[in-house]
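Topology and contacts: notes
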Amino acid sequence: VDGSSDEAQTDADAERQSAGDTLKQAMARRDFWYMALTFVSVAFVLYGIIPNLVPLLEGRGYDTETAAWIVSLFGFATFGGRILIGWLVDHFEARFVALVFFSLSAVGMCLLAIDLPLWVVLLSAILLGGSLGAEVDMLAYLASRYFGLRCFAQIFSMLFAMVMFSMSLGPLVFGAVYDATQSYTIVVAAGVPACIFAITMLSLLRPRSVEHLSDLRATTTASTN
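Heads up: these notes are all about the structure in this document.

Criteria and thresholds
Residues numbered from 1 in each chain as written. Predicted model: local features only at pLDDT ≥ 70, side-chain atom pairs only at ≥ 80, totals over all residues. Heavy atoms only, no water. Phe/Tyr/Trp six-rings, centres within 6.5 Å; stacked < 30°, edge-to-face > 60°. Helix = DSSP H or I, 4+ residues; strand = E, 2+ residues; numbered from the N terminus. Buried < 20%, exposed > 50% of the residue type's maximum accessible area, 1.4 Å probe, protein only. Lys NZ or Arg CZ within 6 Å of the ring centre and 35° of its normal. Axes fitted to C-alpha atoms, helices over the stretch in contact; angles between N-to-C directions. Parallel < 35°, antiparallel > 145°, perpendicular 65-115°, else oblique. Contact = heavy atoms within 4.5 Å. Nonpolar A, V, L, I, M, F, W, Y, C, P; charged D, E, K, R; others polar.

On to the packing of aromatic side chains, then. Inspection of every chain in the model, using the stated rule, returns seven aromatic pairs. Here F156 and F160 contribute two aromatic rings whose centre-to-centre distance is 5.6 Å and whose plane-to-plane angle is 10 degrees, an arrangement assigned as stacked. Remark: F160 and F156 occur in helix α9 (residues 152-181); sequence separation between them is four residues, near one turn of the helix. For F156, a relative accessible area of 18% translates into the label buried. An aromatic cluster of at least three residues, connected via ring pairs, comprises F32, W33 and F147. Its guanidinium or amino end placed over the ring of Y141, R145 lies 4.1 Å from that ring's centre, counting from NZ or CZ.

What follows is the structure in structure tokens.
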């Protein structure tokens, strides 16, 4: 940190590394399971729709080129969403930022569940793509803030393993529902309550104040004077 001596910085780093929960302690807390249920639900929806988006659009009469272009827009929105989210969590409470983006996921799934004009489909792709940028990155950020760095790798690995399982299950379920009904309408519509459930679980997390860079610099300056 700017202005600190090497020895003071080493002590501060050591203190941060030793603070926090063990995996067992984290899993005994409600915040761990609220977080897990939040990101498992969102991962199921978003990663379920990604490989099925082109056939969904083709089934609505769009040609392959247009469908592929819409999926490309989804990817660009994901890229932009991650940059925007990184900036936002430096200035606002991360939980609030995630609530906003996961609410956009619910809106995007709702729009996609209905056969609407092209511009609405494009808006849905942007909303869902931007939300995808909030998913894994926000999980790591929140895990470090809620459970500390003492056993961060173990805690994050456990949470991410659950999310990865959900990521793999989503496309399978979306495809199975289509095979059974010859339509994506039901499973896409079901993504809306899944996103609402994720929002509910996320809202149950305890609020955490944001540490602004200006505050950190002011604290460092005061301690060295």
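Our focus in this paragraph is unusual backbone geometry. Non-glycine residue Q182 carries a positive phi angle of around 60 degrees. Of note, Q182 is situated in the loop between α9 and α10 (185-203). Among the residues examined, Q182 registers a relative accessible area of 54% and is labelled exposed.

Relative to each other, helix α3 (residues 30-49) and helix α8 (residues 135-147) sit at 175 degrees, their axes nearing to 11 Å. The angle between α3 and α8 falls in the class roughly antiparallel. Residues D31, F32, M35, F39, V42, A43 and Y47 of α3 form the contact with α8, whose own contacting residues are E135, V136, M138, L139, L142, A143, Y146 and F147. Classifying every residue of the contact of α3 with α8 gives 13 nonpolar, no polar and two charged.

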